[in-house]
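# Observations on the three-dimensional arrangement
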Amino acid sequence: MVQFTRSFLSLCLIAASFAGPTKRTVAQVEADIASISTQVNALDDLIEGFPASGILGASALPAEMALLGAALNTGTSDIKATGPLDEADATTILNAVQQVIQPVISVTLAQLNGIASHLLDDAEFKASVVSALQNLQTSIDAFVAALAAAAPVDLTAEAISIQIAIDAAFNKTIAALS
Ligand SMILES: *[C@@H]1O[C@H](CO)[C@@H](O)[C@H](O)[C@H]1NC(C)=O
């Protein structure tokens, strides 16, 4: 899964670099997407390490979520600084989000859901995970909203449907932990 998503992303970025001259800022957004993808996979690996990774693995969760949030916040700033995206760039970026980032986030959240009752019986720790998840949801919402605003109007609906799917997964996981 992780290998596949990484190679897929590389293919997207290679395809984008051959697609024609891209603005420097679009290349930055694409680099941001690559680091977001790396952080999503790192969070997924951490959660897949349960329950073997035990308390140590669990205690790393909020920090790992914060790293992903920081990568998303950088992406949001760069999208806003880039301004309107053309059809080709917006499609490349949306495809990377839809095919690489969104599925791994959904799987990761579903796994967290599944292990919640086993690992998170410490109320204080559970609250810190919920708070980290809420911050992460805010970051990813802002990221997809910035993308929706920068994309041509024919791609807005697609961006919003990604946002709704991600939000639904977060809501479900936060509800399971709360
Ligand atoms: C997620 O929860 C928020 C806050 O309760 C709500 O506004 C939003 O509509 C929910 N989104 C989905 C997709 O369920």
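Right above here is the structure, for reference.
Residues numbered from 1 in each chain as written. Predicted model: local features only at pLDDT ≥ 70, side-chain atom pairs only at ≥ 80, totals over all residues.

## With respect to the overall build of the chain
From N to C terminus, the chain includes 7 helices and 0 strands. What you see in the chain, going N to C, is helices and strands ordered as α-α-α-α-α-α-α. A total of 178 residues make up the chain; the buried ones form 33% of that total. Considering only contacts in the chain between residues 6 or more positions apart, those separated by 24 or more positions represent 84%. (Helix = DSSP H or I, 4+ residues; strand = E, 2+ residues; numbered from the N terminus. Buried ≥ 20, exposed ≤ 12 C-beta atoms within 10 Å, placed from the backbone. Contact = placed C-beta atoms within 7 Å.)

## As for the site of the ligand
Around the ligand, the surrounding shell consists of Ile 164, Asp 167, Ala 168 and Asn 171. Of the residues belonging to the shell around the ligand, the class tally is 2 nonpolar, 1 polar and 1 charged. (Near = placed C-beta within 6 Å. Nonpolar A, V, L, I, M, F, W, Y, C, P; charged D, E, K, R; others polar.)

## Brief notes about the packing of helix α4 (residues 61–82) against helix α6 (residues 123–150)
Between α4 and α6, whose axes approach to 9 Å, the crossing angle comes to 20 degrees. Relative to α6, α4 is oriented roughly parallel. Our pair here, α4 against α6, has a crossing hand that is left-handed. Class assignment for the residues of the contact of α4 with α6 results in 17 nonpolar, 8 polar and 1 charged. (Axes fitted to C-alpha atoms, helices over the stretch in contact; angles between N-to-C directions. Parallel < 35°, antiparallel > 145°, perpendicular 65-115°, else oblique. Left-handed = near helix turned anticlockwise from the far one by under 90°.)

## Describing the packing of α6 against helix α7 (residues 156–177)
The angle between the axes and the distance between the axes are what describe a pair of packed helices. Their axes nearest at 10 Å, the elements α6 and α7 cross at an angle of 175 degrees. With respect to each other, α6 and α7 are oriented roughly antiparallel. Together, Lys 126, Val 129, Val 130, Leu 133, Gln 134, Gln 137, Ile 140, Asp 141, Val 144, Ala 145, Leu 147 and Ala 148 of α6 and Thr 156, Ala 159, Ile 160, Ile 162, Gln 163, Ile 166, Asp 167, Phe 170, Thr 173, Ile 174 and Leu 177 of α7 make up the contact between the two elements. Of the residues belonging to the contact of α6 with α7, the class tally is 15 nonpolar, 5 polar and 3 charged.

## Thoughts on α7
Structurally, the α-helix is built with 3.6 residues per turn, so residues lying three or four positions apart point the same way. Over its 22 residues, α7 extends 32 Å from the first C-alpha to the last, a length consistent with the 32 Å expected when each residue adds 1.5 Å. Listing the buried residues of α7 in full gives Ala 159, Ile 166, Ala 169, Phe 170 and Thr 173. In an axial view of α7, the angular spread of the buried residues amounts to 100 degrees, which keeps them on one side of the axis. Opposite its buried face, α7 presents the exposed residues Ala 157, Ile 164, Ala 168 and Ala 175, each directed more than 90 degrees away. (Expected span 1.5 Å × (residues − 1). Arc of directions from axis to C-beta.)

## Digging into the nonpolar core
One finds Leu 68, Ile 93, Ile 101, Val 144 and Leu 147 to be the most contacted residues of the largest nonpolar core, which totals 38 residues. Counting residues per element, the ones that place at least two in this core are α2 (24–48), α4, α5 (87–119), α6 and α7. In this structure Leu 147 touches Ile 79, Ile 93, Leu 94, Val 97 and Ala 159, once residues within four positions along its chain are discounted. (Core = buried A, V, L, I, M, F, W, Y, C linked by C-beta atoms within 7 Å.)

In short, shape yes, function no, at least from these values alone.
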